[in-house]
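Structural overview for review
For reference, the chains in residue letters:
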Amino acid sequence: MTTGIKPHDMFLTRALEKILSDKEIKKSYHSQLKKACEVALEELKDDSSDNGNQPSSALPQPQRAGFVKADKYFLPFELACQSKCARIVNIALDCLQKLIAYGHLTGSAEDSTTPGKLLIDRIVETICGCFHGPQTDEGVQLQIIKALLTVVTSNTCEIHEGTVLQTVRTCYNIYLASKNLVNQTTAKATLTQMLNVIFSRMEVQAAQELEERERSDSKASKKEDGGIDVEEEKQEKTTPDGEDTKPKVTEEDDKEVKEEMPLEVVKEVLEDMISQVTGETTPTKVSGGGEDGEMSQGVFSHILQKDAFLVFRSLCKLSMKPLADGPPDPKSHELRSKVLSLQLLLSILQNAGPVFKTNDMFINAIKQYLCVALSKNGVSSVPEVFELSLAIFLTLLSNFKQHLKMQIEVFFKEIFLYILETPSSSFEHKWMVIQALTRICADAQCVVDIYLNYDCDLALANIFERLVNDLSKIAQGRQALALGATPIQEKSIRIKGLECLVSVLKCMVEWSKDLYVNPHSQSNLGQEKMPNVETDSDSGKGTMTSYGSVNSLNTNDGSQTASTPMDNPEQFETQKQQKEIMETGIDMFNKKPKRGLQYLQEQGMLGTSPDDLAEFFHSEDRLDKTVIGDFLGENEKFNKEVMYAYVDQLDFTEMDFVSALRRFLEGFRLPGEAQKIDRLMEKFASRYCVCNSNTNVFASADTAYVLAYSIIMLTTDLHSPQVIHKMTKEQYIKMNRGINDSKDLPPEYLSAIYDEIAGNEIKMKVVGGVKPNKSSRDITSDKQRRLLYNVEMEHMATTAKALMESVSHFQSNFTSATHFEHVRPMFKMAWTPFLAAFSVGLQDCDDSNIATLCLDGIRCAIRIACIFHMELERDAYVQALARFTLLTASSSLTDMKTKNIDTIKTLISVAHTDGNYLGKSWLEIARCISQLELAQLIGTGVKPRSNKGHHRERDMQNAGHPLEAFDPEVIAKGGLDSKRLANLQEQMGETSSQSVVVAVDRIFTGSVKLDGDAIVEFVKALCQVSMDELSSINHPRMFSLTKIVEISYYNMGRIRLQWSRIWEVIGDHFNKVGCNPNEDIAFFAVDSLRQLSMKFIEKGEFANFRFQKDFLRPFEHIMKRNRSPTIRDMVVRCVAQMVNSQHANIRSGWKNIFGVFHLAASDHEEGIVELAFQTTGRIIFASSAVVKGSDTDTVCEASICEKHFASIIDSFQDAVKCLSEFACNAAFPDTSMEAIRLIRNCAKYVAEKPRMFKDHGGEDLNVPEEDRVWVRGWFPVLFELSCVINRCKLDVRTRGLTVMFEIMKTYGETFASHWWKDLFQIVFRIFDNMKLPEQQNEHFKTKKAEWMTTTCNHALYAIVDVFTQYYEILSPVLLTELYNQLHWCVKQDNEQLARSGTNCLENLVISNGSKFSSEVWHQTCSCMLDIFRSTIPTNLLTWRPDTTESNSMRDSDADESQDAVSMDSNQDNRALTRADSNHSVNSTISQDSRDHKIPRSKVSTDQKLFQGLLIKCVVQLELIQTIDDIVFFPATSKKEDAENLAAAQGGSSDDLTDGSQQKEDQGMYQYLGSDQLFLLADCLLESHKFAKAFNSNHEQRNILWKAGFRGKAKPNLLKQETQSLACLLRILFRMYNDDSRINAWKDVENMLITVCRESLEYYLSLQSDSHREAWGSLMILLITRLLKLPDDRFKVHAAAYYQLMCEVIMFDLKLEMRSTLRKFFSRAGLVCHISTS
């Protein structure tokens, strides 16, 4: 380079010289150019000489230095560019490009030729002017592109607004017009770069502005502290664009352009572009809220924003230009232009910065221009245009959705989903839509946002729901397929549909991942540390790791947790519910308007006033317009009110008439009836006139009404295809003559109306949502399909464009979802189409891709249903999965394929990862795992065990396949050849692969990781499946049972609260299994139970816990229910082993152990009873005492009970009860006796350890401490002994009775009084056997008789013994009860019991009478009086037989009677005494009744009566004897009688002394008061009188005798008559001789005289010798006692009876009687001084 020449001079000089040297310059038309070039060269030389002294440099000077200089030399280049010579133009353009590139040409000065414009605008115009269309030289085209790119990217010159548009448009035109491929490519790349620069400059400028603002804000705050602004200088050094002006120079700029190859040109242009813009395109984060207030109002804050806006708008408009009619030509300018504009728009949107995304002007541009353009291009039949439209839509959806809520709805609803649904769209279109949907469905935020903003918006379409339904149909292969689509295409689109569905579900899982808790990230074992956490993988297949669900607890997405106030899930859920109600109401309205309105009003979604309904009709586009028209036109009052309100809500102010009519009619379709139209038009006319009252067009509303009607007619006429002859304008004007108050409307007015209607039909408002035509069967050829598609697309485009324009100014709030709870309603709504798609996919297709997708989808769906606890949905999916394993299905296993094996793996994987949430779905999984074990048998070639013989039908209860289905031999017989069988075995072999086996095992080993509720559900499911397995008749299996045992081992370390819930289920299962009729199964159950129990008991138990008791309960249940001796023996052995090895750890379990032994005790198997008793004995008693014949071992080992009494004390009652049961087992008498001895031993423990009972509260904490030893110790022992007494045979019960009373006597002194009361309740139970209703069989009667004669006697005497021993403590609390019991005994119709009762009463009083107080004596005497009175057999005097039966009685029957008890006095010597009377009650019935001489019914009735009467007679006798024994001591009276008789027979005349006096003193006479003795005397007298009355009534006795109540003679009461009187006399004479009762002597004497006189008189009246003979001893007693009286008293009595005595002599008397009378008379003679000796 020459010294002193500046670079721009060099460029200019060389360029000008080149132009001048060109041969074309000589042509005349270049003269002006030539001259300009010469002038410029001259000026350049002058400039260089002027500046020759300035220092030179090899580098270009600073750019500012040459600004004006280069600008003034522009003229020659301008002229050169206008030249027709391509070479000259090339030179000029090249030079201009270099000058601009290096900043020597800025064009910043004003253009002298055009005021108000800058030179740079002229320069650009000149460069653009070089392009003349397709014929322009290709080199020139390339130079234009290069120059324009340099202008746009240069930092030294600025172009704006129209100039920018011109550069873009020129490049655009070159791309379209150029035939050179390189030029096209370069032009396109240049355009892309230009737009990049334009938009990035705008973003950078805004970012710098924001930065400066922030800096100035911080500076302002610093200035207060004396800060200095140091940034001002920097700001001055930047260009107006805010960009650094440092030049950028590269070596290539000196090269000649034309020498470069075309491809290198493209490369250079692009590199040049990059180098120019590098400094400007660095991304700068600008907050959306950073703009000032002006920008938000749509004003551009900088010229750069306006440039970008203009370019963007131009491209939108370019993309909207329609294509030519006919099939599209790929080379046509229109199509290429459309494609290019869309590509550029896509590029702009994809690189959009913060300003573009937030500035209202750009947002509005997108709404008004881009979205409308897309609505047109989105239905293009050209695939490339359609694809670009989709791409732009996706970009809008990801970057601008918050501003385009309404537009996005239109895109989805009217275009994309419509294309998917219509059968007329091509496969290519469907494929592109579904490809786009694949991207949408993969974005979780986008998916949830779509649901939230559309499906939950009351006014918008359900996009998410429709999307899922469409995808589901595609995935199922049910979609409207394009005509001629190949099977491969069908399959591929189906796979895409599935991919979309799976993506949606994965998004939902991802969105809600924070809710998911991985069971393998935690352990529920409270004890030992578990091994490392298992990872969630199953050989890499079917896991959900791909979308981060496993580690979802460690999410790093902070936005998910902090929800914005706007995003309220409850609010959206409410909106969704309201929307569903609204949609239901609208559907109802469209069918039956009134019903629909009523429904919405009932639901509170609609008001009831006409105004509310009118507003509803205006605002709700989903209503059927025809139905609205009909409703508004109805002639009913309410409909008219609504119509008036509807019209009144329209504002026609300042609208012309036709526009107003359009506005009126766009909301509904006019009804067909003229009357309805008439009403509507009338109201419209009225409203129009009201709104436009200031206009003078119409004279009245009538005019408007008629005109409106005529316009309707005109519209129909002009636009209806049915009308052939259309109305002319003249006809129309003529038709409307005279309507304006008899005048005409102006013709031009009517003419304008006609023209407008002719050009633009009155239509209803465009409303989207029209469903595509499904009649694909009508399409028979591709040509037809295209035609139909074009029609549909045209309609779609019109609808979409209209809707898009209608919402372009609409502001709507777009909610950005943040809350995970939205997934629940989304899934709730969409789960059925998902399930249908996956089910059909698995069912129909064998393709592995489809199967994998379906299984992935089902896994995701299960995850969502699980974490939101949606049971119905979860169960449905798990059941579907289980069904496709083919394990539990009814289909044959021979159909098993790879997809089924994969399904099995998926199911196992679900169980592993989602176990905590599966709930009742565990049942399906457990069933499949159970059947999987069978399938593995085929895979491994093992033949399953099967019963011999024919195969019966399997149990209906057993879900799944029968075992035969898994037997290879059976399968082979079923028609499978060996090849297919081998293939089946190979498939089955897959089920037993290592991965499957490990995965199944992992479910069971992983059960320890499940939470408390999940493990219970898992166990329940296993138990149910186990029951199904075991209930199979032919082939019961124990797979699940073994697994239950396994998981019991694994989970035993859980906290007790969880373990007890688990065991509640497992224990119940063991109960059932242990009672299984198959002994092998029951044996396994018991053995498993034993092992588990041993392990559990090893853990020990704290006091007051009851876990062992719950755990061991199944042993008891099995023992109780299973009758198999083997199993029962096994149970006893298991429990015995537990006792022997683990007794130190057993606590609450003792209760169950004794429970088992209690059940064993009643067994009939000797081995069972013996083992159980030996173990019980070892527990209770020292072991050497139990082992029989142990001579060698003399050391007595302490019993378990002694060692661990504190543990056993809780179960002490059970132990005693158990021993009681052993005692009651009649089959083993030795054991019974030994058991009673052990019970006696238990009493010893209670006596020795009362403190332990007191301290140990046990289960019943309500018992006071002092009573615990009774309630928990003594009472059980004594109660069980009473049970032994009541239940056992004679020898055992006698032993039990003895031991019971022995315990009472031994330890009774420690008993409290209220304990005794409880105890005697038990004791009196012994008599309850006798209170049972009578049974008429002989066995029972014999047994009862035996019971009475043995146990009751024994017990009564023992009771009296105990009472006597502890009289002081017992008397206050129990005497009354005891008397009541005795009273009850004697009242029974049982002779023996009655005797025992009276005997015990006697013993009681004799033993304790000396301790009786007067109150007690009174009570005792009252008791005896009550007994007397209640046992007098009064019926003997009154009984009469039925008259019909009495005639059949014959006297002669008397002789036929056999030995029967008689009351005749002849039997005196064999009298019934308590010692020898064992006669049964039955023996009182005579033989004739047995010979059926009396009707059977009568016999039984009379027999019972006679039995009762006889027993009462016996009781009377017994009571007389009892009184006698109590008062005078037993046997005293008999001895006295014997002595009297002996004395009489001996005829001794010695003085009769009162020798019995000393004996009598042993009786209770001395303790009885006179009143009580009189009471007893009254009893005796009453008894005597009754007997006397009966014996005297011969007629009655005859009747009874004939009725069968007799013995050898007629019935009599001689003994009662004589003994009662004898006892009475003894009492009276004893009192008469008692000095201590002197006060009563008078009463006694009177009574004696009366009784004696009556007795003697009666004796004299007796007719029968035998009767008199019976009175013999009584008479001797009477006279003997009289003889013993002192003289003075004897005298009184002798006087009273003397005459009667004399009468007695008249009878034929025995010797002893005569001897006694002799003594009486002798004494009487002496006392009365009749004789002296």
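Keep in mind it's a predicted model, so treat the numbers as computed, not measured.

About the criteria used
Residues numbered from 1 in each chain as written. Predicted model: local features only at pLDDT ≥ 70, side-chain atom pairs only at ≥ 80, totals over all residues. Heavy atoms only, no water. Helix = DSSP H or I, 4+ residues; strand = E, 2+ residues; numbered from the N terminus. Buried < 20%, exposed > 50% of the residue type's maximum accessible area, 1.4 Å probe, protein only. Contact = heavy atoms within 4.5 Å. Areas by Shrake-Rupley, 256 points an atom, 1.4 Å probe, with all protein chains shown as cover. Phe/Tyr/Trp six-rings, centres within 6.5 Å; stacked < 30°, edge-to-face > 60°. Core = buried A, V, L, I, M, F, W, Y, C linked by side-chain atoms within 4.5 Å. Axes fitted to C-alpha atoms, helices over the stretch in contact; angles between N-to-C directions. Parallel < 35°, antiparallel > 145°, perpendicular 65-115°, else oblique. Left-handed = near helix turned anticlockwise from the far one by under 90°. Nonpolar A, V, L, I, M, F, W, Y, C, P; charged D, E, K, R; others polar. Patch = residues over 30% accessible without salt bridge, like charges linked within 9 Å, V, L, I, M, F, W, Y side chains within 5 Å. Salt bridge = Lys/Arg side-chain N within 4 Å of Asp/Glu carboxyl O. Lys, Arg positive; Asp, Glu negative; His and termini not counted. Charge placed at Lys NZ, Arg CZ, Asp CG, Glu CD. Bend = angle between axes of the 7 residues up to and from the residue. Polar contact = N/O pair within 3.5 Å; in protein donor to acceptor, adjacent residues only side chain to side chain. Disulfide = S-S within 2.5 Å. Expected span 1.5 Å × (residues − 1). pLDDT = per-residue confidence, 0-100.

As for the overall build of the chain
Each helix and strand counted, the chain has 77 helices and zero strands in total. A total of 1733 residues make up the chain; the buried ones form 55% of that total. When contacts within the chain are restricted to residue pairs at least 6 apart in sequence, long-range pairs at least 24 apart make up 76% of them. As displayed, the chain has an accessible area near 76500 Å², and 51% of this comes from carbon and sulfur atoms.

So, the packing of aromatic side chains
In the structure shown here, the tally under the stated rule is 50 aromatic pairs. Note on Trp1150 and Phe1154: the rings are 6.0 Å apart at their centroids and 25° apart in plane angle, and the pair reads as stacked. In this pair, Trp1150 and Phe1154 both sit in helix H49 (residues 1150-1161), four residues apart, roughly one turn of the helix. On the accessibility criterion, Phe1154 (0% relative accessible area) is buried. Arranged with centres 5.6 Å apart and planes meeting at 15°, the rings of Trp1270 and Trp1315 form a pair that is stacked. With a gap of 45 residues between them, Trp1270 in helix H57 (residues 1268-1287) and Trp1315 in helix H59 (residues 1313-1324) connect regions that are remote in the sequence.

Observations concerning the nonpolar core
Counting 424 residues, the largest nonpolar core has Phe356 and Phe464 as the members making the most contacts within it. Contact partners of Phe356, with chain neighbours within four places excluded, come to Phe199, Met202, Glu203, Phe312, Ile348, Leu349, Phe362, Ile363, Ile366 and Phe400. Ile628, Phe668, Ala685 and Ile712 belong to the second-largest nonpolar core, a separate cluster that totals 55 residues.

With respect to the packing of helix H18 (residues 405-421) against helix H21 (residues 463-476)
As a packed pair, H18 and H21 sit with axes 11 Å apart at the nearest point and diverge in direction by 15°. Regarding the angle of H18 to H21, the classification is roughly parallel. Our pair here, H18 against H21, has a crossing hand that is left-handed. Of the residues in H21, those in contact with Glu409, Phe412, Lys413, Leu417, Tyr418, Leu420 and Glu421 of H18 are Ile463, Arg466, Leu467, Asp470 and Ile474. By residue class, the composition of the contact of H18 with H21 is seven nonpolar, no polar and five charged.

Focus on a negative patch on the surface
Negative charge collects at one region of the surface, where Glu38, Glu42, Glu43 and Asp46 lie side by side. Positionally, Asp46 belongs in helix H2 (residues 31-50).

Side note on helix H45 (residues 1056-1074)
Of all bends in H45, the biggest is about 25°, found at Trp1063. Along H45, the residues that are buried comprise Gln1058, Trp1059, Ile1062, Trp1063, Val1065, Ile1066, Gly1067, His1069, Phe1070, Asn1071, Val1073 and Gly1074. Looking at the packing, one finds that the buried side of H45 touches helix H43 (1012-1030), helix H44 (1039-1051), helix H46 (1079-1098), helix H47 (1107-1121) and helix H48 (1125-1142).

A closer look at the environment of Phe1228
Along the chain, the position of Phe1228 falls in the loop between helix H54 (1212-1224) and helix H55 (1229-1248). Measuring from C-alpha to C-alpha, the distance between Phe1228 and Ala1161 comes to 9.8 Å, with 67 residues separating the pair along the chain. What Phe1228 contacts, discounting residues up to four positions off in sequence, is Asp1163, His1164, Glu1165, Glu1166 and Val1169.

Some thoughts on the side chain of Thr190
Summarising the element assignment, Thr190 is placed in helix H9 (residues 181-223). Polar side-chain contacts of Thr190 include one of 2.6 Å to the backbone oxygen of Thr186.

Thoughts on the pattern of salt bridges
This structure, assessed with the given rule, holds 44 salt bridges. When the shortest N-O distance is used, the salt bridge between Arg927 and Asp1028 registers 3.8 Å. Placement of the pair is Arg927 in helix H39 (residues 922-940) and Asp1028 in helix H43, with a sequence separation of 101 residues. With respect to burial, Arg927 and Asp1028 carry one shared label: buried. Through salt bridges with shared partners, a single ionic network connects Asp630, Glu634, Glu673 and Lys676.

Side note on the state of the cysteines
Applying the stated criterion across every chain yields a total of zero disulfides. For Cys1288, which is in no disulfide, the shortest distance to another cysteine sulfur is to Cys1224 and amounts to 3.4 Å. What makes Cys1288 buried here is its relative accessible area of 8%.

As for helix H14 (residues 333-350)
With 18 residues, H14 ought to run about 26 Å at 1.5 Å a step, and its terminal C-alpha atoms sit 25 Å apart, in line with that. Most of H14 is tucked away: 14 of the 18 residues are buried.

Quick word on the packing of helix H42 (residues 994-1005) against H44
With their axes 9 Å apart at the nearest point, H42 and H44 run at an angle of 55° to one another. The orientation of H42 with respect to H44, classified from their angle, is oblique. Side by side, H42 and H44 meet where Asp1001, Phe1004 and Thr1005 of the first sit next to Lys1043, Glu1046, Ile1047 and Tyr1050 of the second. Classifying every residue of the contact of H42 with H44 gives three nonpolar, one polar and three charged.

Examining the environment of Thr695
Counting through the fold element by element, Thr695 comes out in the loop between helix H30 (674-691) and helix H31 (701-719). Separated by 41 residues in the primary sequence, Thr695 and Glu654 have C-alpha atoms spaced 8.9 Å apart.

Here we look at the confidence of the model for the chain
Residue-level pLDDT values for the chain average 74, and 75% of them are 70 or greater. Summarising per-element confidence for the chain, the mean pLDDT is lowest in helix H12 (residues 293-296) (36) and highest in H43 (91). Taken as a whole, residues 526-565 scores under 50 in pLDDT and shows 69 contacts with residues more than four places along the chain or in a different chain. Contacts from residues 1549-1560, a stretch scored under 50 in pLDDT, to residues over four places away or in other chains number 18 contacts.

Some remarks on the side chain of Arg201
The topology assignment puts Arg201 in helix H9. A distance of 3.1 Å separates a polar atom in the side chain of Arg201 from the backbone oxygen of Thr153.

Points about unusual backbone geometry
The phi angle at Glu161 is positive, at roughly 50°, despite the residue not being glycine. Relative to the helices and strands, Glu161 resides in the loop between helix H7 (138-153) and helix H8 (162-177). On the accessibility criterion, Glu161 (31% relative accessible area) is partly exposed. Phi is positive for Glu654, close to 55°, though the residue is something other than glycine. Residue placement: Glu654 occurs in the loop between helix H28 (637-648) and helix H29 (657-665).

Description of the environment of Leu787
Mapping Leu787 onto the fold places it in helix H34 (residues 782-807). Put simply, Leu787 and Ser424 are 363 residues apart on the chain and 8.7 Å apart in space, counted from C-alpha to C-alpha.

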